[in-house]
Amino acid sequence: MTQSAADLMQDFATRTDPASDTTIREITTMIMALPSIRQHRLSNTAFSTREFVLVRVRLENGIEGIGEAAVLGGPRWAEESVESIKAVIDRYLSPVLIGCPATNWTDTATKMKRAAFRNNAAKGAVETAVLDALTRTLDVPLVNLFGGSSRDRVPVLWALASGDVEQEIAEARDKLARREHKDFKVKLGFATPKEDLFRLTRLREALPEMGRLIVDVNQGWSEADCLRFLPALEELDVSLIEQPLPYDDFEGMARVASKSSIPLMVDEAAFTHREIARAGNMGCGSVYSLKMVKSGGLMAMSQAAKVAESSGMELYGGCLLEGSIGAAAHLAVFAALPQLTWGCEHFGPKMHRREIVRDPLQFEDFHLLLPDGPGLGMQLDEDAVREFARVD
Ligand code: MUC
Ligand code: MG
């Protein structure tokens, strides 16, 4: 926490006026369904509408905080779905937090941990909303709770994931021309490895001005596939190979990593701090993808960064295609990290046809800008919230 935020907190502890009453009064949840600009494919799912849960936390002083719980294509990327997230928050997390002071945020995380096992997206969105409400009350940006910003912008890549290579070339050219993205992550594993390589080769040829080329296999290859195709990936100058093997194959990842000149990135394999330390210490990868949905909260994600680094891994700012609310939450942590070697992938806000905030995050010169203002720096567009609330 920066000195100014610490002073403000101290001041708040002694104040008794209604404006400084940060007791959590109400927590509400809504399932949202936002149409995407195109279909997004992963090795194990595909979707054209992004569903998430919008969490709103109201304090006794009337101030509201917001949070976003993301999933990808139902309970597929991880075990949570929008339906389970809503039910867990409404039935198990809200009751243990109502009446508690938002100032005691470590207790907020502890109470949620006792109330529910894992359910990380649900917990992360609630914690975000509590911290947003608290820092709005303190009139400081959320990044101050993580030590203050080391940077006001983070390099941001774009993911090519339609599977239609000519569409992907046109999309990448548009991103390059707008100076929004020059690094690209290509989603693999939904076709055969041979088809994946054909697609990558075509992308490399057609996009000479591309920066880093990262591939994310989302657990779609076998160890033999990796060994067979490593030389071709090296030839294509791939910068990073993300989670090629199943999440629980730590030994296989370590064997592939030991034979690869391209660093491997650990994603679905490591949610908890022990899993991160194990992955790093076993040599499963030399880069770790930070995600709130894996850590179960922003505080835990900022600690995950320290665990990953001390286990020998560099940091990458991962996402689950969150819109501006979830992306701003991640940015508050990313902006405070002393090192974020690989930048971030929070292109999610640009994947939606429309957002539910009035002031979406800004992209400039291949970077995502840290928003101004207290808390997350986001204001809901209530018309859009009504329009995109899922009707079952
Ligand atoms: C993942 O596995 O990294 C992030 C970007 C994207 O296209 O998919 C997600 C999840
Ligand atoms: Mg991934």
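Here, the structure is the one placed above.
Residues numbered from 1 in each chain as written. Chains lettered and ligands numbered in written order. Predicted model: local features only at pLDDT ≥ 70, side-chain atom pairs only at ≥ 80, totals over all residues. Heavy atoms only, no water.

**Q** Explain the coordination of the magnesium ion (ligand 2) here, please?
**A** Ideal donor angles around a metal are set by the shape: a four-donor tetrahedron calls for 109.5 degrees, a six-donor octahedron for 90 or 180 degrees. Asp216 (OD), Glu242 (OE) and Asp267 (OD) make up the full set of protein donors to the magnesium ion (ligand 2), lying at 2.0 to 2.3 Å. Along the chain, the residues donating to the magnesium ion (ligand 2) fall in the pattern D-x25-E-x24-D. Residue Glu242 is found in strand β8 (residues 240-242), and its partner Asp267 is found in the loop between β9 (264-266) and α9 (273-282); the two are separated by 25 residues along the sequence. As far as the burial class goes, Glu242 and Asp267 line up, both buried. (Donors = N, O, S within 2.8 Å, 3.2 Å for Na, K, Ca; no water. Helix = DSSP H or I, 4+ residues; strand = E, 2+ residues; numbered from the N terminus. Buried < 20%, exposed > 50% of the residue type's maximum accessible area, 1.4 Å probe, protein only.)

**Q** Would you explain the nonpolar core in this entry?
**A** Generally speaking, a soluble globular protein has its nonpolar side chains buried in company with each other. Counting residues in hydrophobic clusters, the biggest one holds 140 residues, and the most contacted among them are Phe146 and Ile356. No other element matches the 10 residues that helix α4 (residues 120-138) contributes to this core. Here this core gathers at least three residues from each of two domains, domain 1 (5-144) and domain 2 (148-379). In contact with Ile356, not counting residues within four places along its chain, are Met32, Leu34, Phe52, Leu54, Ile325, Gln379, Leu380, Asp381, Ala384, Val385 and Phe388. (Core = buried A, V, L, I, M, F, W, Y, C linked by side-chain atoms within 4.5 Å. Domains from an automatic or database assignment. Contact = heavy atoms within 4.5 Å.)

**Q** For this particular structure, what's the right way to read the state of the cysteines?
**A** Disulfide: a covalent bond connecting the sulfur atoms of a pair of cysteines. For the structure shown, the criterion picks out zero disulfides. Looking at the unpaired Cys226, the closest cysteine sulfur is the one in Cys284, lying at 12 Å. (Disulfide = S-S within 2.5 Å.)

**Q** I'm lost on the side chain of Glu322 in this one. Help?
**A** Mapped onto the elements of the fold, Glu322 is located in the loop between β11 (314-317) and α12 (324-334). Despite its burial, Glu322 pairs with no opposite charge; the closest candidate is Arg50, at 6.3 Å N-O. A polar atom in the side chain of Glu322 sits 2.6 Å from the backbone nitrogen of Leu320. (Lys, Arg positive; Asp, Glu negative; His and termini not counted. Salt bridge = Lys/Arg side-chain N within 4 Å of Asp/Glu carboxyl O. Polar contact = N/O pair within 3.5 Å; in protein donor to acceptor, adjacent residues only side chain to side chain.)

**Q** Teacher, can you tell me more about the sheet that holds strand β3 (residues 64-70) here?
**A** Adjacent strands of a sheet pair through backbone hydrogen bonds, lying either parallel or antiparallel. As summarised here, the arrangement of the three strands in space is β1-β2-β3, forming an open sheet in which the pairing is antiparallel. Only two strands of the sheet have a single partner each, and these edge strands are β1 (24-42) and β3. In this sheet, neighbouring strand axes are inclined to one another by 20 degrees on average, regardless of whether the strands run parallel or antiparallel. Here β1 runs beside strand β2 (residues 45-59); their pairing, made up of 14 bridges, is antiparallel. Residue pairing for β2: Pro35 is matched across the bridge by Thr49. Here helix α2 (residues 82-97) sits on the sheet and contacts β1, β2 and β3; the angle it forms with β1, its principal contact strand, is near 160 degrees. (Pairing = 2+ DSSP bridges. Axes fitted to C-alpha atoms, helices over the stretch in contact; angles between N-to-C directions.)

**Q** Whenever I open this one, the packing of aromatic side chains confuses me. Can you help?
**A** Centre-to-centre distance and the angle between the planes together describe a pair of aromatic rings. Within this structure, the stated rule accounts for three aromatic pairs. Plain terms: the ring middles of Trp221 and Phe229 are 6.0 Å apart, the flat faces sit at 45 degrees to each other, and that makes the pair tilted. By the burial criterion, Trp221 is buried, and Phe229 matches it. The ring of Trp158 has Lys175 sitting right over it, with the charged end atom 4.0 Å from the ring centre. (Phe/Tyr/Trp six-rings, centres within 6.5 Å; stacked < 30°, edge-to-face > 60°. Lys NZ or Arg CZ within 6 Å of the ring centre and 35° of its normal.)

**Q** Whenever I open this one, the pairing of β2 confuses me. Can you help?
**A** Along any regular strand the residues' side chains alternate between the sheet's two faces. Following β1, the chain reverses through two residues before pairing antiparallel with β2. Pairing between β2 and β3: seven bridges, direction antiparallel. In the strand pairing of β3, Val57 is matched with Gly65. As consecutive antiparallel partners, β2 and β3 are separated by four residues, and within that stretch Gly62 has a phi angle of approximately 90 degrees, a positive value.

**Q** Whenever I open this one, the site of ligand 1 confuses me. Can you help?
**A** In the vicinity of ligand 1 lie 15 residues, with His40, Trp77, Lys187, Asn218 and Lys291 positioned nearest. Separating an oxygen atom of ligand 1 from a side-chain N or O atom of His40 is a distance of 2.8 Å. Between ligand 1 and Trp77 there is a distance of 2.9 Å, counted from an oxygen atom to a side-chain nitrogen or oxygen. In the complex, the protein chains occlude 100% of the 280 Å² of accessible area that ligand 1 would expose alone. The class makeup of the residues in the shell around ligand 1 is six nonpolar, two polar and seven charged. Three or more residues apiece are contributed to the shell around ligand 1 by two domains, here domain 1 (5-144) and domain 2 (148-379). (Near = heavy atom within 4 Å. Areas by Shrake-Rupley, 256 points an atom, 1.4 Å probe, with all protein chains shown as cover. Nonpolar A, V, L, I, M, F, W, Y, C, P; charged D, E, K, R; others polar.)

These values are about where atoms sit, not about what they do.
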